[in-house]
Each structure stands twice: as structure tokens, then as C-alpha cells.
Amino acid sequence: MSVLVGFAAIASGLSGILMSLSSRRGAVFEAIREYYQQGDTSEMIAARRKIYSIEEKETVTYLENSREWTEEQSLAAAELCSFFHFWGMMVRKGYLPLWIFKSASGPSIVRLHYLLNDFIKQRRIENNTYYAQDFEYLAEQIKRKYKIYYPIRRRGRKR
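Small disclaimer: the values here were computed from a predicted structure and weren't measured.

1. Brief notes about the pattern of salt bridges
Piece 1. In the structure shown here, the tally under the stated rule is 6 salt bridges.
Piece 2. Between Glu-34 and Arg-33 there is a salt bridge, with the nearest N and O atoms lying 3.7 Å from each other.
Piece 3. Judged by relative accessible area, which is 26%, Glu-34 ranks as partly exposed.
Piece 4. Residue classification places Arg-33 among the partly exposed residues on the basis of a relative accessible area of 40%.
Piece 5. For the salt bridge of Lys-143 with Glu-140, the shortest nitrogen-to-oxygen distance reads 3.1 Å. Of this pair, Lys-143 and Glu-140 both sit in helix α6 (residues 133–146), separated by 3 residues, roughly a single helical turn.
Piece 6. Salt bridges here are not isolated pairs; linked through shared partners, they connect Glu-30, Arg-33 and Glu-34.

What follows is the structure, given as C-alpha cells:
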């Protein structure tokens, strides 16, 4: 009888492990779906456009001085930093796999992080030393894993 109880306990434990793995996998795919769904909203697309427009300015100094940005650009920057900070935290905690950033969103994140670097530095000085830390983590992980870099070359200046 104790052998049967032992087998039942083992079977129960194994089924618990399988159920746990199954629910974790479902949660990961739900996170992936949510990332793509939220990132493709009209608001996020508009925010990215506002930041990309900074790149079109005549000089790199505009990029390096976020205090000169328009109110719309600053709001877009804050929205994007918050968005990618959240998803960077999800990657760091293991709820979102890094492989989803191998596609088009990976280079875009590296580019946005580069463009928002001064903005992030200013926020860290003024408000919060940890501002957008997981956004930075995400961009660094993408760079390291997929060898994606975003140098801007203007007027003979390399970064």
C-alpha cells in the first residue's frame, strides 16, 4: 500500500511540474503578444516618429541637448523610456525572451536608446538615478547578443 501511495505522490509531483512548465510557456507567449500589441499602437508609432525626427536636425548638438527639445519630443521620450523600461525589466526577470528582439524591433530599440541617451542622463541627474535603467539593460543585451549598433555619422564626426 505504501508503494502505491509513493507512486501516486511521484505522479502528482510530476504532473505539477508539467502543469507549471505549461503555464509558464503560456505566460511567456502572452507577454510576447502583449509586447507587439502595445508597441504597434498609434500612440507608440507617433512617439517613435517624434524621436526619430530629432535625428533629422542639422547638428548633433541638438541630439546631445535634450533641454532644447520640444514639449512633444520630451513627452514622447518619457513615454518610450517608460515602455522599454518595462519590457527590459520583463526580459531581465525572464518573462520575455530576448530572441523576440532579433527582428526589426531590436535595431529600433538600440537606435531609440542612442537617441534618448542624453534625455535619460538628464532625468537621472534631475529626478531618479535609476531612470530607464532596464531600457538601458535591454538595449545593451540586444547589442551584445545580436551585434546591433547604431552609430550616427554627421559632418565627419563618428560616435
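2. Overview of the packing of helix α4 (residues 71–92) against helix α5 (residues 105–126)
Piece 1. Here α4 crosses α5 at 110 degrees, and the two axes come no closer than 10 Å. The angle between α4 and α5 places the two elements in the roughly perpendicular class. α4 and α5 meet at a crossing whose hand is left-handed. Of the residues in α5, those touching α4 at Ser-74, Ala-77, Ala-78, Leu-80, Cys-81 and Phe-84 are Ile-109, Leu-112, Leu-116, Phe-119, Ile-120 and Arg-123.
Piece 2. Counted by class, the contact of α4 with α5 contains 10 nonpolar, 1 polar and 1 charged residues.

3. Thoughts on the layout of surface pockets
Piece 1. Approximately 210 Å³ is the volume attributed to the largest pocket.
Piece 2. Looking at the largest pocket, it is lined by 13 residues, and the ones nearest its centre are Tyr-35, Gly-39, Asp-40, Arg-48 and Ser-105.
Piece 3. Counting only elements with at least two residues in the lining of the largest pocket, the list comes to α1 (2–39), α2 (42–52), α4 and α5.
Piece 4. Looking at the lining of the largest pocket, the element that brings in the most residues is α5, giving 4 residues.
Piece 5. Considering only residue class, the lining of the largest pocket consists of 8 nonpolar, 3 polar and 2 charged.

4. Some words on the packing of α2 against α4
Piece 1. Relative to each other, α2 and α4 sit at 120 degrees, their axes nearing to 9 Å. On the basis of the axis angle, α2 is oblique to α4. When the axes of α2 and α4 are compared, the crossing they make is left-handed. Seen from α2, the contacting residues are Glu-43, Met-44, Ala-47, Arg-48, Lys-50 and Ile-51; seen from α4, they are Glu-72, Gln-73, Ala-76, Ala-77, Glu-79, Leu-80 and Phe-83.
Piece 2. Partitioned by chemical class, the residues of the contact of α2 with α4 number 7 nonpolar, 1 polar and 5 charged.

Analysis parameters
Residues numbered from 1 in each chain as written. Predicted model: local features only at pLDDT ≥ 70, side-chain atom pairs only at ≥ 80, totals over all residues. Heavy atoms only, no water. Salt bridge = Lys/Arg side-chain N within 4 Å of Asp/Glu carboxyl O. Buried < 20%, exposed > 50% of the residue type's maximum accessible area, 1.4 Å probe, protein only. Helix = DSSP H or I, 4+ residues; strand = E, 2+ residues; numbered from the N terminus. Axes fitted to C-alpha atoms, helices over the stretch in contact; angles between N-to-C directions. Parallel < 35°, antiparallel > 145°, perpendicular 65-115°, else oblique. Left-handed = near helix turned anticlockwise from the far one by under 90°. Contact = heavy atoms within 4.5 Å. Nonpolar A, V, L, I, M, F, W, Y, C, P; charged D, E, K, R; others polar. 1 Å grid on protein atoms, 1.4 Å probe; cavity = no way out; pocket = protein on both sides within 12 Å on 5 of 7 lines; lining within 4 Å. Points joined across faces, edges and corners; volume = space filled by probe spheres on them.

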